[in-house]
Amino acid sequence: MNHVLEIAGLTKTFGGLTATDNVSLTVNAGEIHALIGPNGAGKSTLINQICGELMPNAGHIHLAGRDITRLPPAERVALGLGRTFQITSLLDDMTVRENLALAVQAREGGNFRIFDRAANRAEVWDEVAEILAASALGPRAGVTVADLAHGEKKQLELLMALSQRPRLLLLDEPMAGLGHLESQQMIDALLAARGDCAMLLVEHDMDAVFALADRVTVLVYGRVIAAGNADEIRANPAVRDAYLGEEDT
Ligand SMILES: Nc1ncnc2c1ncn2[C@@H]1O[C@H](COP(=O)(O)OP(=O)(O)OP(=O)(O)O)[C@@H](O)[C@H]1O
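- Identification of the protein chain as ABC transporter ATP-binding protein from Pseudotabrizicola alkalilacus is taken from an unreviewed UniProt entry.

### Here we look at the sheet that holds strand S3 (residues 32-36)
Step number 1: Across the sheet, 6 strands lie side by side as S6-S7-S8-S3-S9-S10; this open sheet has mixed pairing. Taken across any chain shown, the strands that pair with only one partner, and hence form the sheet edges, are strand S6 (81-83) and strand S10 (223-228). Strand after strand, the sheet turns through a mean of 20 degrees between neighbouring axes, direction not considered.
Step number 2: Along the sheet, helix H1 (residues 43-51) contacts S3, S6, strand S7 (168-172), strand S8 (198-202) and strand S9 (215-220); its crossing angle with S6, the most-contacted strand, is approximately 135 degrees.

### Structural notes on the side chain of Gln 155
Step number 1: Positionally, Gln 155 belongs in helix H5 (residues 150-162).
Step number 2: Look at Gln 155 and you get buried, because its relative accessible area is 6%.
Step number 3: Gln 155 has contacts with Leu 137, Gln 185, Met 186 and Ala 189, leaving out every residue within four places of it along the chain.

### Focus: the site of the ligand
Step number 1: All residues in the neighbourhood of the ligand are listed as Phe 14, Leu 17, Ala 19, Pro 38, Asn 39, Gly 40, Ala 41, Gly 42, Lys 43, Ser 44, Thr 45 and His 204.
Step number 2: Between an oxygen atom of the ligand and a main-chain N or O atom of Ala 41, the distance comes to 3.1 Å.
Step number 3: Contact between the ligand and His 204: an oxygen atom at 3.0 Å from a side-chain N or O atom of the residue.
Step number 4: For the ligand, whose unbound accessible area comes to 630 Å², protein coverage reaches 57%.
Step number 5: Breaking the shell around the ligand down by element, the ones donating at least two residues are strand S2 (17-28) and H1.
Step number 6: A total of 3 residues in the shell around the ligand trace back to one element, the largest contributor, which is H1.

### Regarding the environment of Ala 74
Step number 1: With respect to the secondary-structure elements, Ala 74 resides in helix H2 (residues 73-78).
Step number 2: Judged by its relative accessible area of 59%, Ala 74 falls in the exposed class.
Step number 3: For the pair formed by Ala 74 and Gly 52, sequence separation is 22 residues and the distance between their alpha carbons is 8.6 Å.

### Here we look at the pairing of S2
Step number 1: Direction of pairing for strand S1 (residues 3-14) relative to S2: antiparallel, over a ladder of 8 bridges. Its bridge partner being in S2, Phe 14 is matched across the sheet by Leu 17.
Step number 2: The loop that links S1 with its antiparallel partner S2 comprises 2 residues; one of these, Gly 15, has a positive phi angle of about 60 degrees.

### Focus: unusual backbone geometry
Residues other than glycine predominantly adopt negative phi, and peptide bonds predominantly adopt the trans conformation.
Step number 1: Its identity as a non-glycine residue notwithstanding, Asn 22 has a phi of 60 degrees, on the positive side.
Step number 2: On the secondary structure map, Asn 22 appears in strand S2.
Step number 3: Taking relative accessible area as the criterion, Asn 22 reaches 53% and is therefore assigned exposed.
Step number 4: Despite not being glycine, Tyr 221 shows a phi value in the positive range, around 50 degrees.
Step number 5: For Tyr 221, the position within the fold is in the loop between S9 and S10.
Step number 6: By relative accessible area, which is 73% here, Tyr 221 ends up exposed.

### Regarding H5
Step number 1: End to end, H5 covers 19 Å across 13 residues, agreeing with the expected 18 Å (1.5 Å per residue, within 8%).
Step number 2: Most of H5 is tucked away, with 11 of its 13 residues classed as buried.
Step number 3: If you check which residues of H5 are buried, you get Gly 151, Glu 152, Lys 153, Lys 154, Gln 155, Leu 156, Glu 157, Leu 158, Leu 159, Met 160 and Ala 161.
Step number 4: Buried residues along H5 sit against S6, helix H3 (96-107), helix H4 (122-133), S7 and helix H6 (180-193).

### Quick word on H6
Step number 1: Relative to the 20 Å expected for 14 residues at 1.5 Å per residue, H6 spans 20 Å between its end C-alpha atoms, a close match to the ideal helical length.
Step number 2: Taken together, the buried positions of H6 are occupied by Ser 183, Met 186, Ile 187, Ala 189, Leu 190 and Ala 193. End-on view of H6: buried residues confined to an arc of 165 degrees, all on one side of the axis. Exposed side of H6, more than 90 degrees from the buried face: His 180, Leu 181 and Ala 192 are the residues found there.
Step number 3: In the segment just after H6, Gly 195 is the residue with positive phi, at about 100 degrees.

The rules behind these values
Residues numbered from 1 in each chain as written. Predicted model: local features only at pLDDT ≥ 70, side-chain atom pairs only at ≥ 80, totals over all residues. Heavy atoms only, no water. Pairing = 2+ DSSP bridges. Helix = DSSP H or I, 4+ residues; strand = E, 2+ residues; numbered from the N terminus. Axes fitted to C-alpha atoms, helices over the stretch in contact; angles between N-to-C directions. Contact = heavy atoms within 4.5 Å. Buried < 20%, exposed > 50% of the residue type's maximum accessible area, 1.4 Å probe, protein only. Near = heavy atom within 4 Å. Polar contact = N/O pair within 3.5 Å; in protein donor to acceptor, adjacent residues only side chain to side chain. Areas by Shrake-Rupley, 256 points an atom, 1.4 Å probe, with all protein chains shown as cover. Expected span 1.5 Å × (residues − 1). Arc of directions from axis to C-beta.

What follows is the structure, encoded as C-alpha cells:
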C-alpha cells in the first residue's frame, strides 16, 4: 500500500499525562483521513508531533517512506509536509493575487515577505492566474486581504498551502468560525483538491468530516478507539458513546 504518512506507536507524555498513547495510523496517497475526538483527546498533540514541534517519547513517523521522527520542522516541509498558513501570515494590505504570488515564490526558494525579481517572472503570475481561475476566490483576485470575509481568508490560506504542492497537507480545523455557506465552500475547495495531495484533517464539524473523509480515526484520552470509513464510524457503538452520542442529547 502506498502510504504517504505512516505513524506507528506514537506516544507523548506531559508529566503524568499520556496525551497520545501508542497511536498508529496511515494516510494513503490521494486520501482524506479525518482525526476526530472530544476536547483534550490529543489531536493537536499528534499534529504537533507530525510537524516536528513536539518530540514523541516513543514511536515513529514516516513521510513517503522516510523516517522523519527526529527531523526538524523545516526539513519535514522540504520533504513535502504542508500545513495551512495561518490567517496571521496573510499580508493584509496586499491583494489575494499578490499573497498567492508570494507563496508560489516561497516554494521556489524565494523570500516569503519580499517580492524579488523572481516574483515578476511571467510563470509565477501565470501559475497564480491558473490557481485562481479554478477557485471560488477567482473573482476576488484583485481585492486586498483586509477587505476579505473570514471565509475568504481561510480559502486563501488553503490555496497558499496547496501552492506548495505538499505530499501531505495537515488541516487543523479548517471549518472553525465559518458560517454554513462558507463551510460548504471550504468543503467544495477541499474536495476539488482531493487527489492532488493526501490530507490529514482535524475537525469538530461532523457534517464536514462525513462529507470529506475517506477514513476516520477516533481518539479518546490519547488512544485510538476506532478507525474506519464514515459509515463504520457512524455505526460504531464505542464512538457514539464516547463522542457522537454527545450530539444526540
Ligand atoms: N504543552 C502541554 N503541557 C501539558 N499538557 C498538555 C500540553 N499540551 C496538551 N496538553 C494536554 O494533553 C491533552 C491533549 O491535548 P490536545 O490539545 O492535544 O487535545 P485536542 O484533542 O487537540 O483538544 P481540542 O479539540 O480541545 O483542541 C490535554 O489533556 C491537554 O491538557
